[in-house]
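Remarks on the overall topology
So the chains spell out like this:
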Amino acid sequence: GDARYNEPALAGIMKAVGKALANLEPVTVSVGRAIDGRVASNRRFVMRDGTSECQPGPCNPDILHVEGPMDPEVSVVTFTNAKRRVVSALMHYTSHPCNGFWGDKVLADWPGIWSQGMETHFGRQCTALVINGLCGNIITFNYTDPDQNSDEVIGDYRRYGRLLTQSAKRALKNMKPVKASSFGWTRRFVQIPWRAIPAKVLADARKMLKEHPEPLWKDPKHIRTEWSWVYNVGILDMVDERRTQKAFPYEIQALRIGDFALLGLMGEPFVEAQLNIKRQSPFPFLQVAHMCGGACSYVPTRYALAHGGYETWIGRGSRLAPEALEMIEKASVQTLKTL
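Below is a summary of the structure that appears in this document. (Residues numbered from 1 in each chain as written. Predicted model: local features only at pLDDT ≥ 70, side-chain atom pairs only at ≥ 80, totals over all residues. Heavy atoms only, no water.)

**Here's the deal with the overall build of the chain**
How we decide: By the criteria applied, helices consist of DSSP H or I runs no shorter than four residues and strands consist of E runs no shorter than two, each listed in order from the N terminus. Note on method: radius of gyration uses C-alpha positions; expected globular size equals 2.2 Å times residues raised to 0.38. Buried, partly exposed and exposed residues are distinguished by accessible area as a fraction of the type maximum, computed with a 1.4 Å probe on protein chains only: under 20%, between the cut-offs, and over 50%, respectively.
Check the secondary structure of the chain and you find 8 helices and 16 strands. Relative to its length of 339 residues, the chain is compact, with a C-alpha radius of gyration of 21 Å against a globular reference of 20 Å. Counting only C-alpha atoms, the chain reaches 70 × 50 × 45 Å along its principal axes. Of all 339 residues assigned to the chain, the portion counted as buried reaches 48%.

Shown next, in the form of structure tokens:
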């Protein structure tokens, strides 16, 4: 941890909680949804040689077909006070929030633009929050669209935020009231096995760190490290982690308000799990959030792990057992049913 970040962040969180408690008021809850396929795409493709590749390049002629689905649902939950003013809104969509990633600025990206759009629509009294779904293999870039802008063009995130604002407004036309008297919250931990580290990967990491115990830099000012050095440090870090932690304690959080439920999952699971959880959920309106309670890397499907691609490379970015996604999906449905 770094106190320059942790202390201001903690102070800000506590201030926000205090402000929320001070502003408590009775509200009615309504839910709605719309469909929008203009923003997100599955970024993994089956190539003509039978392997899978993440972000294979725009209209790569070796693409055979997209590997998996995306989730087109735009979900909206509104909280309306006695004066008939929407004081808060939860919006849900599923995609990596890094369309502006290639610049050197700190951005709220499309979730920020979407929040601004809804707060403008509802008025200054509204606080809007975007809940991002399981987007381990979903991104705001369509690699089969010949007219798609380069992914290094900064600014498209504004357009995506505006498109989602349009769809959210369509959802507002068919909102359904929720009986908010039924409230529940629970959490559980699932012990997920680690994925085995191949012997050669481990040997290579030890060899590099023995030869280069200090970081290897790409530039004389020591701003950018060599990725191979960082990767191998991560491999040895995983070995240390497994000495004291025999499995990964994966946390699942679930909250219910009437027919609406919010499910919080760790890391970046693939969207297939979200779609299966929705299909089996006892709640007609469900928002699934990723990166809750901590990071645990990408959680791919078994198919993806068997066919390769960026999200499957063993390391700090992908380290759970092949059955992890299925375990998370099953435990999530069971958790929702306990509410």
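**Brief notes about the nonpolar core**
Our working rule: Think of a nonpolar core as a cluster: buried Ala, Val, Leu, Ile, Met, Phe, Trp, Tyr and Cys residues, connected wherever their side-chain atoms sit within 4.5 Å.
Residues Tyr250, Leu263, Leu265, Leu320 and Leu336 are the most contacted members of the largest nonpolar core, which totals 29 residues. For this core, the secondary structure elements donating two or more residues are β11 (183–192), β12 (248–257), β13 (260–265), α6 (271–280), β15 (285–289) and α8 (324–338). The dominant element in this core, judged by the number of residues it contributes, is α8, at 6 residues. Counting residues in hydrophobic clusters, the runner-up holds 26 residues, among them Val39, Val74, Trp110 and Leu164.

**Some words on unusual backbone geometry**
One non-glycine residue, Asp109, lies in the positive phi region at around 55°. When you line up the elements, Asp109 lands in helix α2 (residues 109–122). Under the relative-accessibility criterion, Asp109 is labelled buried at 3%. Positive phi, close to 60°, is recorded for His222, a residue that is not glycine.

**Details of the sheet that holds β13**
Selection rule: Only strands that DSSP links by at least two bridges are regarded as paired with each other. Here an angle of 0 to 180 degrees is reported between the N-to-C directions of two axes, which are lines fitted to C-alpha atoms, with helices fitted over the stretch in contact. For this analysis, residues touch if any pair of their heavy atoms sits within 4.5 Å.
Spatial strand order, β11-β12-β13-β15: 4 strands in an open sheet with mixed pairing. Looking at which strands have only one partner, the edges of the open sheet turn out to be β11 and β15. Along the sheet, successive strands turn relative to each other by an average axial angle of 15°, direction set aside. Here β12 runs beside β13; their pairing, made up of 6 bridges, is antiparallel. Within the sheet, the bridge partner assigned to Gln253 lies in β13 and is Gly264. Here α8 sits on the sheet and contacts β11, β12, β13 and β15; the angle it forms with β11, its principal contact strand, is near 155°.

**Comments concerning the state of the cysteines**
Quick note on the threshold: The definition used for a disulfide is geometric: two cysteine sulfur atoms within 2.5 Å.
Counted by the stated rule, this structure contains 0 disulfides. Sulfur of Cys296: no disulfide; nearest cysteine sulfur belongs to Cys292 and is 11 Å away.

**Quick notes on the sheet that holds strand β3 (residues 44–47)**
Backbone-to-backbone hydrogen bonds pair the strands of a sheet. The strands run either parallel or antiparallel. Taken in spatial order, the 3 strands of this open sheet run β4-β3-β5, and their pairing is antiparallel. Two strands close off the open sheet at either side, each with one partner strand: β4 (52–54) and β5 (63–66). Across the sheet, the mean angle from the axis of one strand to that of its neighbour is 40°, orientation sign disregarded. Bridging between β3 and β5 involves 3 bridges; their strand directions are antiparallel. Looking across to β5, one finds that Val46 is bridged to His65.

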